[in-house]
Amino acid sequence: ITAVSDTYAKWSESMGLSVDLTEGGMGVRTARYVLILDDLKVVSVEREPGRGLTNTDADTTLSKL
């Protein structure tokens, strides 16, 4: 498991995994998501639809490995 950062949300934005919080003064940020790769191939992408953890929590993510 590797946690990575997308400081300016450019990569996440290009993948459709960003959220625009400009109205709140925060600009474009990465959404909360989990990307699972196997041999550099995307196996699963899970994005949270809103607040809370329903799709990207540890138990859900680990169950997909």
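Refer to the preceding data block for the structure.
Residues numbered from 1 in each chain as written. Predicted model: local features only at pLDDT ≥ 70, side-chain atom pairs only at ≥ 80, totals over all residues. Heavy atoms only, no water.

Peer 1: Would you mind going over a nonpolar patch on the surface with me for this structure?
Peer 2: On the surface, Ile1, Leu62 and Leu65 cluster together into a nonpolar patch covering about 400 Å² of accessible area. Tracing the backbone shows isoleucine 1 in the segment before helix 1 (10-14). (Patch = residues over 30% accessible without salt bridge, like charges linked within 9 Å, V, L, I, M, F, W, Y side chains within 5 Å. Areas by Shrake-Rupley, 256 points an atom, 1.4 Å probe, with all protein chains shown as cover. Salt bridge = Lys/Arg side-chain N within 4 Å of Asp/Glu carboxyl O. Helix = DSSP H or I, 4+ residues; strand = E, 2+ residues; numbered from the N terminus.)

Peer 1: How do you make sense of the environment of leucine 62 when you look at a structure like this?
Peer 2: For leucine 62, the position within the fold is in helix 2 (residues 58-63). On the accessibility criterion, leucine 62 (46% relative accessible area) is partly exposed. The sequence separation of leucine 62 and glutamate 46 amounts to 16 residues, and the corresponding C-alpha distance is 12 Å. (Buried < 20%, exposed > 50% of the residue type's maximum accessible area, 1.4 Å probe, protein only.)

Peer 1: Please clarify how the pairing of strand 1 (residues 18-21) should be interpreted in this entry.
Peer 2: Every other side chain in a regular strand lies on the same face of the sheet, so the side chains alternate between the two faces. For strand 1 and strand 2 (residues 27-30), the ladder comprises 4 bridges, and the chain directions are antiparallel. Bridging from a neighbouring strand, leucine 21 pairs with glycine 27 of strand 2. Hairpin remark: strand 1 followed by strand 2, antiparallel, with 5 residues in the connecting loop; positive phi at glycine 25, about 80 degrees. (Pairing = 2+ DSSP bridges.)

Peer 1: Help me understand the pairing of strand 4 (residues 41-47) in this model?
Peer 2: As paired strands, strand 3 (residues 33-38) and strand 4 are joined by 6 bridges and run antiparallel to one another. Bridge pairing links leucine 35 to valine 45 in strand 4. The loop that links strand 3 with its antiparallel partner strand 4 comprises 2 residues; one of these, aspartate 39, has a positive phi angle of about 55 degrees.

Peer 1: Would you mind showing me how to read the environment of leucine 65 here?
Peer 2: Of note, leucine 65 is situated in the segment after helix 2. Those residues in contact with leucine 65, other than ones at most four positions away along the chain, are Ile1 and Ile36. (Contact = heavy atoms within 4.5 Å.)

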